[in-house]
Amino acid sequence: MAAPNPSADANIGHPWKPVAIRVAWVAGIYCALMVGLLLFDYARSQKYNPTNHPELLALKEKLVKKPNDAALAAKIRSLDLELRVHYLQYLRRLSQGSWMLFFGAMVLMPALHFATWRKKLPRPGKYVLQPDLAEADDNKARWAVAGVFALAAGAALYLGSRFENPLDVVLARSASPQASPQQAPPSPAVIPANPPSAGEIARNWPRFRGPGGSGVSAYTNLTLNWNIQTGENVIWKTEVPLTGPSSPIVWNDRVFLIGASAVKREVYCFDVPSGKLLWQKTVGTPSTAPPKDEGEEKQHSPSTPATDGRRVYAMFDTGELAAFDFNGNQLWYRQWGKLDNPYGHAASLDFYKNILLVQLDQGDGEDGKSKIYGVDTATGKDVWVTEPRPVPASWATPIIIQAAGKDQLIASGNPWMISYNPADGKEIWRAKILNGEITPSPVFAAGLIFNANDRLWAVKPDGQGDVTKTHVAWSGEDGIPDICSPVSDGKRVWLLTSSGTITCYSAGTGKKLYEKDLELECKASPSVVGDTLMVVSEKGTVVFVKSGDQYQEIGRAEIGEHVMASPAFADGRIFIRGKKHLFCFGRNKG
Amino acid sequence: MSRRILQKAESTPASGKNSPRRWWMSSGTAAAVMAALLVVAAGTVFGVERFPPPDFTSGYTFPTTTAPSPREGWLQVLDVVVLFLSLALSAYLVLVKRLRKYIFAQAVFSIFYFGFYRKGCVCSVGSVQDVTLAMFNNGYAVPWTVLAFFLLPLVFAVFFGRVFCASVCPLGVLQDVVLVKPIPLPLWLEKALGLIPFMFLGAGVLLAATGSIFLFCEYDPFISLYRRSGSYNMLMLGLIFLLAGVIIGRPYCRFLCPYGALLNIISRFSWRKVTLTPQDCVHCQLCDVACPFGAIAEPAGIPSEPVLRKRRRWLVAAIALVPILVIAGGWLGAQISGPMSRLNAKVALAWQLASEDTGRALVATEASQAFRNSGRPVKELYAEAARIRSQFKLGGWLWGGFVGLAAGLQLVGLARIKHRDVFEPDPATCVACGRCYTHCPNEIIRLKREQRARAIPLKLVKN
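Within chain A, the regular secondary structure consists of 7 helices and 34 strands. With 590 residues in all, chain A has 53% of them scored as buried. Sequence separation of 24 or more characterises 55% of the internal contacts of chain A that already satisfy a separation of 6 or more. Just so you have it, chain A exposes about 25,900 Å², and 54% of that area is on carbon and sulfur atoms.

On a plain count of helices and strands, chain B comes out with 22 helices and 2 strands. Looking at chain B as a whole, 49% of its 463 residues qualify as buried. Long-range contacts, defined as pairs at least 24 residues apart, comprise 80% of the intrachain contacts of chain B with a sequence gap of at least 6.

Topologically, Val 307 of chain B is positioned in helix α17 (residues 305-341). Those residues within four positions of Val 307 of chain B in sequence are excluded, and the remaining contacts are Asp 132 and Glu 135 of chain A.

Using the criterion set out here, one finds 36 salt bridges over all chains in the structure. Across the salt bridge formed by Arg 311 of chain B and Glu 135 of chain A, the nearest N and O atoms sit 2.4 Å from each other. Placement of Arg 311 of chain B in helix α17 and of Glu 135 of chain A in helix α5 (residues 131-162) is noted, with the two residues assigned to different chains. Taken as a pair, Arg 311 of chain B and Glu 135 of chain A share a single burial class, namely buried. A salt bridge links Lys 523 of chain A to Glu 538 of chain A; the nearest nitrogen and oxygen atoms lie 3.0 Å apart.

Turning to unusual backbone geometry, a few remarks are in order. Residue and element names in this part refer to chain A. Across the junction of Asn 414 and Pro 415, the peptide omega takes the value 10°, indicating a cis bond. Considering the arrangement of structural elements, one finds Pro 415 in the loop between β16 (406-412) and β17 (416-420). The phi angle at Ala 404 is positive, at roughly 55°, despite the residue not being glycine. Accessibility expressed as a relative area gives 45% for Ala 404, which makes it partly exposed.

The next thing to look at is the nonpolar core. Counting residues in each nonpolar core, the largest one holds 114 residues, and the members touching the most others are Val 94, Phe 222 and Tyr 259 of chain B. Counting residues per element, this core draws most heavily on helix α20 (residues 378-415) of chain B, which supplies 13 residues.

All names here are of chain A. With respect to topology, 4 strands assemble into an open sheet ordered β7-β8-β9-β10, the strand pairing being antiparallel. Strands with a single pairing partner mark the edges of an open sheet, and in this sheet they are β7 (306-307) and β10 (330-335). Alignment of strand β9 (residues 320-325) against β10, held across 5 bridges, turns out to be antiparallel. Within β10, the position partnered with Leu 321 by the bridge is Arg 334.

We now examine the state of the cysteines. Summed over the entire model, instances satisfying the criterion amount to 0 disulfides over all chains. No disulfide involves Cys 121 of chain B; its nearest neighbouring cysteine sulfur is the one of Cys 217 of chain B, lying 6.5 Å away.

Residue and element names in this part refer to chain B. Taken residue by residue, chain B gives an average pLDDT of 84. The fraction at 70 or more is 84%. Mean pLDDT across the elements of chain B ranges from a minimum in helix α1 (residues 2-9), with 36, to a maximum in helix α10 (residues 196-209), with 96. Note that pLDDT drops below 50 for residues 1-18; the model gives that stretch 22 contacts with residues more than four away or on any other chain. Below pLDDT 50 for its whole length, residues 40-49 participates in 19 contacts with residues either more than four positions away or in separate chains. Across the whole predicted complex the pTM is 0.60, and at the interface the ipTM reaches 0.80.

Residue and element names in this part refer to chain A. Strand β25 (residues 492-496) sits mainly inside the fold: 5 of its 5 residues count as buried. A two-sided burial pattern is seen for β25, the buried positions comprising Arg 492, Trp 494 and Leu 496 on one face and Val 493 and Leu 495 on the other. Here strand β24 (residues 487-488) pairs with β25 via 2 bridges, running antiparallel. Its bridge partner being in β25, Ser 488 is matched across the sheet by Val 493. Of the pairings in the sheet, the one linking β25 to strand β26 (residues 501-506) comprises 5 bridges and is antiparallel in character. Bridging from a neighbouring strand, Leu 496 pairs with Ile 502 of β26.

Residues and elements named next belong to chain A. Summarising burial for strand β33 (residues 573-577): 4 of the 5 residues are buried, a large majority. Here strand β32 (residues 568-570) runs beside β33; their pairing, made up of 3 bridges, is antiparallel. Each residue of the ladder has a partner; that of Phe 569, found in β33, is Ile 574. Relative to strand β34 (residues 581-585), β33 runs antiparallel, the two sharing 4 bridges. From the neighbouring strand, Phe 575 faces β34, where its bridge partner is Cys 584. What sits between the antiparallel neighbours β33 and β34 is a turn of 3 residues.

A few words on the sheet that holds strand β21 (residues 455-459) of chain A. All names here are of chain A. The strand order across the open sheet formed by 4 strands is β19-β20-β21-β23, and the pairing between neighbours is antiparallel. With one partner strand each, in any of the chains shown, β19 (443-445) and β23 (472-476) form the two edges of the open sheet. Neighbour to neighbour, the strand axes of the sheet diverge by 25° on average, direction disregarded. Across 4 bridges, β21 lies against β23 in antiparallel orientation. By the bridge assignment, Ala 458 is partnered in β23 with Trp 474.

Inspection of the secondary structure puts Leu 286 of chain B in helix α16 (residues 286-290). Other than its neighbours up to four places away in sequence, Leu 286 of chain B contacts Lys 120, Leu 121 and Pro 122 of chain A together with His 439 and Pro 441 of chain B.

Quick look at helix α22 (residues 441-455) of chain B now. All names here are of chain B. When the terminal C-alpha atoms of α22 are compared, their 21 Å separation across 15 residues agrees well with the 21 Å that a helix rising 1.5 Å per residue should span. Within the sequence span of α22, burial applies to Asn 442, Glu 443 and Leu 447. Considered in projection along α22, the buried side chains sweep an arc of 140° and stay on one side of the axis. Among the exposed residues of α22, those pointing more than 90 degrees away from its buried face are Arg 452 and Ala 455. Taken together, the buried residues of α22 touch α3 (73-97) and α21 (435-439).

As enumerated under the stated definition, the model contains 42 aromatic pairs over all chains in all. Look at Phe 241 of chain B and Tyr 252 of chain B: their rings are 5.7 Å apart centre to centre, the planes differ by 85°, and that puts the pair in the edge-to-face class. Of this pair, Phe 241 of chain B sits in helix α13 (residues 232-247) while Tyr 252 of chain B sits in helix α14 (residues 251-255); the two residues are 11 residues apart in sequence, bridging distant segments of the chain. For the residue pair Phe 241 of chain B and Tyr 252 of chain B, the accessibility class agrees, reading buried in each case. Clustering of aromatic rings is evident, with ring pairs tying together Trp 99, Phe 102 and Phe 103 of chain A together with Phe 112, Phe 116 and Tyr 226 of chain B. The ring of Trp 416 of chain A is capped by Arg 430 of chain A, whose NZ or CZ atom sits 4.6 Å from the centre of that ring.

Here is what the cut-offs are and how they apply
Residues numbered from 1 in each chain as written. Chains lettered and ligands numbered in written order. Predicted model: local features only at pLDDT ≥ 70, side-chain atom pairs only at ≥ 80, totals over all residues. Heavy atoms only, no water. Helix = DSSP H or I, 4+ residues; strand = E, 2+ residues; numbered from the N terminus. Buried < 20%, exposed > 50% of the residue type's maximum accessible area, 1.4 Å probe, protein only. Contact = heavy atoms within 4.5 Å. Areas by Shrake-Rupley, 256 points an atom, 1.4 Å probe, with all protein chains shown as cover. Salt bridge = Lys/Arg side-chain N within 4 Å of Asp/Glu carboxyl O. Core = buried A, V, L, I, M, F, W, Y, C linked by side-chain atoms within 4.5 Å. Pairing = 2+ DSSP bridges. Disulfide = S-S within 2.5 Å. pLDDT = per-residue confidence, 0-100. Axes fitted to C-alpha atoms, helices over the stretch in contact; angles between N-to-C directions. Expected span 1.5 Å × (residues − 1). Arc of directions from axis to C-beta. Phe/Tyr/Trp six-rings, centres within 6.5 Å; stacked < 30°, edge-to-face > 60°. Lys NZ or Arg CZ within 6 Å of the ring centre and 35° of its normal.

Laid out in structure tokens, this is it:
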């Protein structure tokens, strides 16, 4: 049978085609007009929407501040009524118009159908003429079906593998016989009355970045190599009940951490030899509802606790401060209320003799909210409070240094680095050198205070009053970090940006020695162990760099988890807090 | 303007009146106009909005909110009676009368009755979930009307094929009405997408059996159009299906409808089904050209010996693959059961509470705060969630196994050696729309013969 030639046949349209074309035009124009009118009405109606009318919203905000203003309330009611009347009229027109449009479309659709209708013409069956073509088509179809099944399988595997179920964690915990370290009431610990000596402090890791906040380990008998998969040099790994970015602290055979969620704040004590969770204590009331204006990325409990070997002190972004003895008994608790800090309170604790130092920088710098509190470690009561600091909210941790023949408390804020007498909170000197959001903490090495923010500043600590113009030894502008604090071995100062760029300066002269992009994101501050610089990336890669005037990488190791906390060091031990676990690395038989 | 239109319509063949370019232009124009109108019609639905009531200080108290009363008993009976009569009429029109125009007329009635008047609920598609929930939950009693909506189309399918799809289902006939210029889809695409309704059916049954959600109702694309109200996402989904339906025949029915998956299975064994005139088939293929749903199976021809051998090998492999696919599918279903269990409200709440307790969630939700404030022990909730999750795990195995079986049987069907020598509607995929009747030349001759027989009664002539 010869193939028909459509162009040769003049009558393959539907018999109703001429009428259908006319009807389609009329119905189409009608529908287009209806569409135009509805769109116009919709655009006009927006200014009468009572849910988001700007004038009405503004009046309501005013009413919140002046709830007794009767005239204002009357104005709101009148405007609200007017808007509702208009809006309801619009809704009625909309309903009628949409029905009219619908019926127009009901006429248009069949008209289009008949207007575009073409007579079907016979054609020979393709499989009869080419029988092998059926197998080709079926073959393609078989592979397509297999492909869809494979796609579905891939999706199932992907979703199943990504699925982290916290239910499994809590169910496992509740099934474990050791799930509740809180059950046995602990006996009170014996607390020495005298504060720790400098030697005790130096032998431990009592605060954020260790003694003096330097980030330098006193111990060099540490392993710089481990393997998570085989367990080589992994002494233990213990799950932490609540996650958080705060760093571990160590005193003798105890490691302390804090963790928090949206509704709970806890303090943990682990055993150094075994990693066992000895106790976990809740601070405050677990059902306290979180502030409503928190963003989803907000981290809870970024402030590292502190211990003086007598008690452990923990600060939370809810403004709560608590002290526990080493057996987990809460000794005192105080509450500052919600802190005016856009990213949440993050400055860690420090102590000086019997005084716990709490830097609470808040507000905008002009409202006098920023202060440093010197709190009695035994009772939690104020020993002293600084004058209102002329700085807004900040997130750096203060340090205690011995320089110029005296003990000094160095605190950073925008724009001042200020030195206080830690015994009474009186100001000694200040330098107006800082700018922007102050997150990296200062360090003291080589007789200078280094603070990296906007620029790297090296400040001589032996001044009095305003030393801005007289006591800046040098400054650098490269590799300035936004989160990580600097570290120094006394000869060099290293900066680490959150994008993983290491910049090394000479501590004495400020000369930039090298810059190296590790291409790793980092939140933890770098540390120095002997003659090695240790950098922990956010994805859990630890990079070991030889400390020298040139970049020389020694090796790398993996944690296997996300890490935001800075490491802690003890005799033969490195403690690193991952997202879910606390790790202890040291030489073992593997 | 009308004369100009007429002159254009009557132009000579030499002027390209029937050229493909003109065809595409007219089709494109029609589709574009339809698309614009459908989009704007959807915009009207945004008019149905809710806004908070005003703040009264005059002491006015709001009336107590009440739920709408259920449909009157006799009206429920009426719905079932209308459904039964519609199915019966549809069967008559499809199998006896065999005229597309009457089937279309009934389809329009269904749009108005089951669609706009009843607002698409209760519908047979959603009733699958009610019946499933009733089977697995002692506390849920399925209304008899819902049971009727579930059973009647299936019973009719056993006897008469997919007459429900022909002119009764409001979802299907709405797509039928907007079909203007269907384009044929390649076989591989049809078969591949044809697996999705079985996946959807299994997922919906699993979620209903565990008391989680009614998936088919949540993702009913046309309910928002019938009710002229709904979420933006569902409205857009409905519009996408309708727009696609302008050029692809019944996309929802063929590639998503879970009830269609059930009818697909049952119709293969129905007592009566849509047929053309097999003894008179002249292989003109007009029925295949007319069918916008790819439901006409072509004659197979006689393949060559190498092709036959290859086909036999494929058949053996496909049969051997079936149990493997069932097991693999079951295992995959179990893997996905974990994430899927979060669609259950209790599991979702337990998950949120556990996330907060383990620090994974940084912000509490209103639901978790309400639970904590209620004072109920959280361990009870965790235990309940664990129980539901184990149900999901078992259900996941069954669901995945079912999908694996469907895929395996699909492969077997594609590997089977076919011995067809005429064009005939595939009972599994044919929605009994009747378009093929009006195009089959022998069907037309048969109808005219019958009409003449009725008009001119035959008399026995005695010599």
